[in-house]
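# Topology and contacts: notes
The primary structure of each chain is shown beneath.
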Amino acid sequence: MPDDNGRPPFQSGDLDTVRDQLRSHPAVEQADVRLAAGGSLTAYVVPAHSSQGDAAGVAGGVVPPDTETVDNWRSVFDDCYRGTRITTTGADTGNRPEPERSAASETELTAGWTDSFTGRPIPADDMAEWVATTVARILAFEPTCLLEMGAGTGLLMSDLTAQGELREYTATDLSPESVRVLTTVAARLRRTRPAPLSLAVHEARATTPAPPSLHGGYDVAVLNSVAQYFPSTRYLEDVLHRIVPVMRPGGHIFLGDLRNEDLFEEFACIKHHRRATPGTPPQWIARQITRELRRDGELLLSPGYLHGLPARLGAITAVETAPRRGAACNEMTLFRYDAVLHVGCEAPATEPDWHDGTKLTLPVLAHQLACETGAFGYRSLVNARLRDAQRLRRTYLPEHSAPASAEAVALDPEEVCTLAEGYGWTPRLRWTPGADCGEFDLWLAPPDGTCEHFRFAIPWQDPDPGQDLGASPRHRMFPPRAEHDRKTELTSFLTRRLPERLVPCDMVFTERLPCLAGHSHR
């Protein structure tokens, strides 16, 4: 009998037919098909690696291969930096800088960096805070040998070498124009920094072998505001595979200014709401948001994806993911975060004891900070900074949004940290595991406590060690635009070969196929 939608029932062998057709596409390495709720089909696709599917995939209309995507970004940054004179203080935020031909001052330099919400330059004070918080987090590791990949204009290099006790700083970038600027900055720094400091600049793709350290390995590697330009999570993992061999045991890989996939809808809603002129119909704004969700061209990373890396990269033993610090409420402090990948560091054995944070208030927290003597923490604090974005999400994307909680108390993460630091305590923030509305956990170490190895956040403890969080289909493998284009191509491919009822209604790209009880993948 037909299903509830009037479609004939699936016959024995129908799913195998769809799988076989998908696997015949040159850009597909593996595929599986499941019957979803409502009687529709969902396809799970493992894309072919570049060596398998690039040439044929492009001929078939699939989004360009990784190398072409990266080359496009290199051209963008070559245009940005060509002919640019840059001071040795400032910031590189990754918000698609525009060319700046004569940046004689920090104000002129930051004028080329745009706010996604307004399309106007990011205020200079916000940029300065962004640099200061980034530098502070990197220096907390007390680096002596540091590798920065995607160093841009060398502005972090300048601040880090001025404040850190470094013996070696190696900077790389894929843009020849960036390398030209970096070489100029390095030459200036050599004249002002202590003689033992070694400064080196290399032109290199992120997936070429990382330049080795002169001192037996780097203790810190930095990719700051870089990962959003990578074409896929697979590419990111290829980069990490090349960094790990040049790291010392016990070293740290700092991934800075990451775009939070879990908050992408909130970001799109607040961006297009703020950019709309007064009187713009809400339906028009909603259409722009929907388009942004399909056509955004940069990579998003869920904290849950990163916490799954130790299952795939054995040298990485623990992961911290911490919201960006900063008093300014902007794109970076609302929707971006930093991650620290620990190389060979011993992970905590268990989760600490947490209190429920949904009713916590600042006066209650202040009382505890004044009276407590031992470390304590709260889970699932509601993020006050995201309340406006979540209200807009309920307005423009009601089908994607849960009702607002009337009982939970919302707290500003920066106000919480500032309060704790005022009492001499050390705050550590992390995104609440499994939450998708920006909730955060707070752990507080007392003033007389010893300095713990995990400086910014308590690493997640996976309740199911056998589950590979990074292979979960809920994490995007590609930027939204690339994902949409790949889905369109494969759907068109199947439409030419199969009856309409056998064309999957949804398609999920993943690094590994989900396990099916009683079913093996060919």
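Residues numbered from 1 in each chain as written. Predicted model: local features only at pLDDT ≥ 70, side-chain atom pairs only at ≥ 80, totals over all residues. Heavy atoms only, no water.

### Some thoughts on the packing of aromatic side chains
- A complete count under the given rule lists nine aromatic pairs for this structure.
- Between Phe117 and Phe267 the ring centres are 6.0 Å apart and the planes differ by 45 degrees, which places this aromatic pair in the tilted class. Residue Phe117 is located in the loop between helix H4 (106–110) and helix H5 (124–139), and its partner Phe267 is located in helix H9 (residues 264–275); the two are separated by 150 residues in the primary sequence.
- Among the aromatic residues, those joined into a ring-pair cluster are Phe117, Phe267 and Phe335. (Phe/Tyr/Trp six-rings, centres within 6.5 Å; stacked < 30°, edge-to-face > 60°. Helix = DSSP H or I, 4+ residues; strand = E, 2+ residues; numbered from the N terminus.)

### Re the pattern of salt bridges
- Taken as a whole and judged by the stated rule, the model has 26 salt bridges.
- In this structure, Asp14 engages Arg501 in a salt bridge whose closest nitrogen and oxygen atoms are separated by 3.3 Å. Residue Asp14 is located in helix H1 (residues 14–23), and its partner Arg501 is located in the loop between helix H16 (480–495) and strand S15 (506–509); the two are separated by 487 residues in the primary sequence.
- Classification of Arg501 as partly exposed rests on a relative accessible area of 26%.
- Here Arg295 and Asp485 are joined by a salt bridge, their closest N and O atoms 2.9 Å apart. With Arg295 in helix H10 (residues 282–295) and Asp485 in helix H16, this residue pair connects regions lying 190 residues apart in the sequence.
- Judged by relative accessible area, which is 25%, Arg295 ranks as partly exposed.
- Salt bridges sharing common partners tie together Arg476, Glu483, Lys487 and Asp506. (Salt bridge = Lys/Arg side-chain N within 4 Å of Asp/Glu carboxyl O. Buried < 20%, exposed > 50% of the residue type's maximum accessible area, 1.4 Å probe, protein only.)

### With respect to helix H13 (residues 362–371)
- The set of residues buried in H13 consists of Leu365, Ala366, Gln368 and Leu369. Buried residues in H13, looked at end-on, bunch into an arc of 165 degrees, giving them a common side. Residues of H13 that are exposed and angled more than 90 degrees away from the buried face: Pro363, His367 and Ala370.
- On its buried face, H13 is in contact with strand S11 (376–383), helix H15 (413–422) and strand S14 (440–445). (Arc of directions from axis to C-beta. Contact = heavy atoms within 4.5 Å.)

### What about the packing of H10 against H16?
- Contact pair H10 / H16: the axes reach a minimum separation of 5 Å and the direction vectors enclose 80 degrees. Relative to H16, the element H10 lies roughly perpendicular. For the pair formed by H10 and H16, the contact residues are Leu293, Arg294 and Arg295 on the first element and Pro480, Arg481, His484 and Asp485 on the second.
- Considering only residue class, the contact of H10 with H16 consists of two nonpolar, one polar and four charged. (Axes fitted to C-alpha atoms, helices over the stretch in contact; angles between N-to-C directions. Parallel < 35°, antiparallel > 145°, perpendicular 65-115°, else oblique. Nonpolar A, V, L, I, M, F, W, Y, C, P; charged D, E, K, R; others polar.)

### Quick look at the nonpolar core
- With 54 residues, the main nonpolar core has Leu223, Phe230, Leu240, Ile243, Ile253, Leu306 and Phe335 as its most contacted residues.
- Core analysis: the second largest hydrophobic core is formed by 32 residues, Ile122, Ile138, Leu156 and Val340 among them. (Core = buried A, V, L, I, M, F, W, Y, C linked by side-chain atoms within 4.5 Å.)

### Here we look at helix H6 (residues 155–163)
- Burial runs high along H6: seven of the nine residues are buried.
- Taken as a whole, H6 has its buried residues at Leu155, Leu156, Met157, Ser158, Asp159, Leu160 and Thr161.

### Observations concerning the pairing of S14
- Counting buried residues along S14, six of its six residues qualify, which places the element largely inside the surrounding structure.
- Taking every second residue as pointing to the same face, both faces of S14 are buried, with Phe440, Leu442 and Leu444 on one and Asp441, Trp443 and Ala445 on the other.
- Two elements, strand S13 (residues 426–431) and S14, share six bridges in a ladder whose sense is antiparallel. Paired with Thr426 across the strands is Ala445, a residue of S14. (Pairing = 2+ DSSP bridges.)

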